Amino acid sequence: MKREERAYPVRLANVLFGLVHGLYWAGNCMFLGFMVTYLTAEGYSTSLIGVLMSLMTMLSIFVQPVLGYLSDTYVPVKIISLVLLAVLIPMGLVIPAVVAVPLLASVIVVALGLLTNTLAPLLEVWTIRSGEEHPGVKFGFTRSMGSLGYSFLALFMGRAFEKIGVDKMFAFGALFFGALILVVLLIPGIACANKRGGQGEKGKKQAKGLGMFQVVKLMVKKPAYVFFLLFFILTYTSMKTTSTFYPVLIGNYAGMAAASALGIGLFISALSEMPSMMFSDRLIRRFGAGKLMVVAGLGYILRYVIYYFASNVLTLQLANLTQMITYGILYPSVLTYLRQLAPEQVAGTAITATLAIANTVSSILGPMVFGAIIEYLSMDLCLLLCIVISALGLAAFAVSRRFAARETATV
């Protein structure tokens, strides 16, 4: 067994996991990044598109925890990933053929978005657990390849679609996900950590596994987790609100050049998070996930303050450089913090459930509620509320850290 561990191809695994995240986010960009543009061009109303986008996220609260639990307990994450990819490719390719039938197309679009978004945390948990079993596999470096792929693809393909047609996005998405299947097949899989009795990883006899509702019950009994979840929801709410209505901010100053100005702003945002993602493993080891999340929370407040006082397009674009100290360090730190709070054998369930809850609640509170505030009151009021909400989130996280310290001290 020791020979097998020494023989694990760490360097190759880093390259392959880097390709996994790069290809996944490239496919995500093609299938979902231009979905609103495509549906609008096909005559779908703004209200219907808004409902479809919300449903993609809201339904994840049911699907993501289930698939996360399955990957922890019954079916290896590698197999689940391959099955999802095999379903997603034909699902995406069929949309142009049924787009003239709104009801059928709407169902497929929601399913496509739901399963595409569900695949992301599964791939991330797989990378993290591989790094824990085989030190040297770096989540931060491999995940940063996703940021790189998304940023450049969004910039260049957005211009290309103006010439070849946005409907070609599905063919490109299928191409990237097809390549992702080949890469996934090359990566060594990992065993289910929450097996329901019998032999666990590395042949060790394992206690009876936890059921999914047992996992949820166990997590919500932890005050540290409850306050962390509140922090995450509040932070995500302000983040989703500003990212959703960022085009409105740009449009207020860019006028007819809004499309190209928006593309540059999004490119700056996605590319800026790459360095911090790449070195997140070192940063977390040096400063700790908790301190980095505090920095990210303060970084978001700084961004919203800049948005509030901005008086031109360039300022709004450069404000997105803060992505380096916000999402770039927030997301890997969140995953690490959750791994510390959750029982080891059900980390996948805890992570997917937490992401699903935060995404669902923030989608309701953010784009829906704050969209009404923008429409009937003002964008300035919306930004001020985002600043307040982010500050409240930091206060909740301070409480979470205190409870986490107490729980650690009593172990």
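Going by the structure above, here's the rest.
Reading the values: rules and limits
Residues numbered from 1 in each chain as written. Predicted model: local features only at pLDDT ≥ 70, side-chain atom pairs only at ≥ 80, totals over all residues. Heavy atoms only, no water. Core = buried A, V, L, I, M, F, W, Y, C linked by side-chain atoms within 4.5 Å. Buried < 20%, exposed > 50% of the residue type's maximum accessible area, 1.4 Å probe, protein only. 1 Å grid on protein atoms, 1.4 Å probe; cavity = no way out; pocket = protein on both sides within 12 Å on 5 of 7 lines; lining within 4 Å. Points joined across faces, edges and corners; volume = space filled by probe spheres on them. Helix = DSSP H or I, 4+ residues; strand = E, 2+ residues; numbered from the N terminus. Nonpolar A, V, L, I, M, F, W, Y, C, P; charged D, E, K, R; others polar. Lys, Arg positive; Asp, Glu negative; His and termini not counted. Salt bridge = Lys/Arg side-chain N within 4 Å of Asp/Glu carboxyl O. Contact = heavy atoms within 4.5 Å. Axes fitted to C-alpha atoms, helices over the stretch in contact; angles between N-to-C directions. Parallel < 35°, antiparallel > 145°, perpendicular 65-115°, else oblique. Left-handed = near helix turned anticlockwise from the far one by under 90°. Patch = residues over 30% accessible without salt bridge, like charges linked within 9 Å, V, L, I, M, F, W, Y side chains within 5 Å. Areas by Shrake-Rupley, 256 points an atom, 1.4 Å probe, with all protein chains shown as cover. Phe/Tyr/Trp six-rings, centres within 6.5 Å; stacked < 30°, edge-to-face > 60°.

(A) Up close: the nonpolar core. With 61 residues, the main nonpolar core has Phe-228, Phe-231, Phe-232, Met-293, Tyr-307, Tyr-337 and Leu-341 as its most contacted residues. Judged by nonpolar contacts, the second largest core, of 58 residues, contains Tyr-24, Tyr-38, Leu-85 and Phe-170.

(B) Geometry of the layout of surface pockets. Its volume calculated, the second largest pocket comes out at about 370 Å³. What lines the second largest pocket is a set of 17 residues, among which Ile-128, Glu-132, Phe-139, Asp-281 and Thr-336 lie closest to the centre. The set of elements that each furnish at least two residues to the lining of the second largest pocket consists of α7 (102-133), α14 (280-287) and α17 (327-341). Top contributing element to the lining of the second largest pocket by residue count: α17, with five residues. Taken together, the residues of the lining of the second largest pocket sort by class into seven nonpolar, five polar and five charged.

(C) Molecular detail of the side chain of Glu-273. The residue Glu-273 is located in helix α13 (residues 258-278) in this model. In this structure Glu-273 is buried but unpaired, with Arg-143 as the nearest side chain of opposite charge at 4.3 Å. The contact partners of Glu-273, leaving out residues within four places of it in the chain, are Arg-143, Ser-147, Gln-323, Met-324, Tyr-327 and Gly-328.

(D) Representation of the pattern of salt bridges in the model. Counting across every chain of the model gives two salt bridges. When the shortest N-O distance is used, the salt bridge between Glu-124 and Arg-143 registers 3.3 Å. One end of the pair, Glu-124, is in helix α7; the other, Arg-143, is in helix α8 (residues 139-164), with 19 residues separating them in the sequence. Exposure class is identical for Glu-124 and Arg-143. Each is buried.

(E) Seen up close, the packing of helix α2 (residues 10-33) against α7. Contact geometry of α2 with α7 gives a least axis separation of 11 Å together with a crossing angle of 165 degrees. With respect to α7, the element α2 is oriented roughly antiparallel. In the crossing of α2 with α7, the sense of the turn from one axis to the other is left-handed. Along its contact with α2, which presents Phe-17, Val-20, His-21, Tyr-24, Trp-25, Asn-28, Phe-31 and Leu-32, the element α7 presents Leu-112, Gly-113, Thr-116, Asn-117, Leu-119, Ala-120, Leu-123, Glu-124, Trp-126, Thr-127 and Ser-130. Counted by class, the contact of α2 with α7 contains eleven nonpolar, seven polar and one charged residues.

(F) Layout of the packing of helix α6 (residues 77-98) against helix α9 (residues 169-186). In the contact formed by α6 and α9, the axes pass within 9 Å of each other and the chain directions differ by 165 degrees. Our classification of the angle between α6 and α9 gives roughly antiparallel. As for how α6 packs across α9, the hand of that crossing is left-handed. Where α6 approaches α9, its residues Lys-78, Leu-82, Leu-85, Ala-86, Leu-88, Ile-89, Gly-92, Leu-93, Ile-95 and Pro-96 are matched on the opposing element by Phe-170, Ala-171, Ala-174, Phe-177, Gly-178, Leu-180, Ile-181, Val-184 and Leu-185. Partitioning the contact of α6 with α9 into residue classes produces 16 nonpolar, two polar and one charged.

(G) Up close: a nonpolar patch on the surface. On the surface, Val-51, Leu-55, Leu-59 and Phe-62 cluster together into a nonpolar patch covering about 350 Å² of accessible area. With respect to the helices, strands and loops of the structure, Phe-62 is situated in helix α5 (residues 60-73). Accessibility expressed as a relative area gives 58% for Phe-62, which makes it exposed.

(H) Inspection of the packing of aromatic side chains at higher detail. Under the criterion given, the structure shown has 16 aromatic pairs. Relative to Phe-231, the ring of Phe-228 lies with its centre 6.3 Å away and its plane at 45 degrees, an arrangement referred to as tilted. Here Phe-231 and Phe-228 lie together in helix α11 (residues 223-244), a separation of three residues that amounts to about one turn. Judged on exposure class, the residue Phe-228 and its partner Phe-231 are both buried. Here the aromatic rings of Phe-232 and Tyr-236 are separated by 4.5 Å at their centres, their planes lie at 55 degrees, and the arrangement is tilted. On the criterion of helical spacing, the pair formed by Phe-232 and Tyr-236 is a turn pair, its members being four residues apart in helix α11. Residue Phe-232 shares its accessibility class with Tyr-236, and that shared class is buried. Through a chain of ring-to-ring contacts, three or more aromatic side chains come together here, namely Tyr-24, Trp-25, Phe-31, Tyr-38, Phe-170 and Phe-177.

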